[in-house]
Amino acid sequence: MNLQDQTLVRKLAVVLVIKLAVLVALWWVFVREYRVTPPEAGVATQLLGPGNSEEKEK
């Protein structure tokens with residue numbers, strides 16, 4: 001690896017670290033406090049489909 005390649009790798013690493021820090025800071029400020037709790041019936045319907053399994057067998 002020559003000097004230009006090492007410089008490029010270093011600059012890319014710095015940019016990635018800065019992006020990660022910005023994303024974490026944005027999440028910490030805007031998203032951290034919010035929790036979503038979906039209703040259990042809605043989750044079951046989404047996973048299993050409408051109706052119950054006994055009706056589907058008939």
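See the structure shown above.
A short tour of the structure in this document, coming up.

What follows is about the overall build of the protein chain. A tally of regular secondary structure across the protein chain gives 3 helices and 0 strands. Listing the helices and strands of the protein chain from first to last along the sequence gives α-α-α. Carbon and sulfur atoms make up 66% of the accessible area of the protein chain, which amounts to about 6,000 Å² in all.

The next thing to look at is the packing of aromatic side chains. According to the stated counting rule, one finds 1 aromatic pair in the structure shown. One Lys or Arg, arginine 32, reaches over the ring of tryptophan 28 and ends 4.2 Å from the middle of that ring.

Going through the model one piece at a time under the given rule, you end up with 1 salt bridge. The partner of glutamate 33 in a salt bridge is arginine 32, with the nearest N and O atoms 3.9 Å apart. Exposure remark for glutamate 33: the relative accessible area of 65% places this residue in the exposed category. Residue class for arginine 32 comes out partly exposed when judged on its relative accessible area of 30%.

Criteria and cut-off values
Residues numbered from 1 in each chain as written. Predicted model: local features only at pLDDT ≥ 70, side-chain atom pairs only at ≥ 80, totals over all residues. Heavy atoms only, no water. Helix = DSSP H or I, 4+ residues; strand = E, 2+ residues; numbered from the N terminus. Areas by Shrake-Rupley, 256 points an atom, 1.4 Å probe, with all protein chains shown as cover. Phe/Tyr/Trp six-rings, centres within 6.5 Å; stacked < 30°, edge-to-face > 60°. Lys NZ or Arg CZ within 6 Å of the ring centre and 35° of its normal. Salt bridge = Lys/Arg side-chain N within 4 Å of Asp/Glu carboxyl O. Buried < 20%, exposed > 50% of the residue type's maximum accessible area, 1.4 Å probe, protein only.

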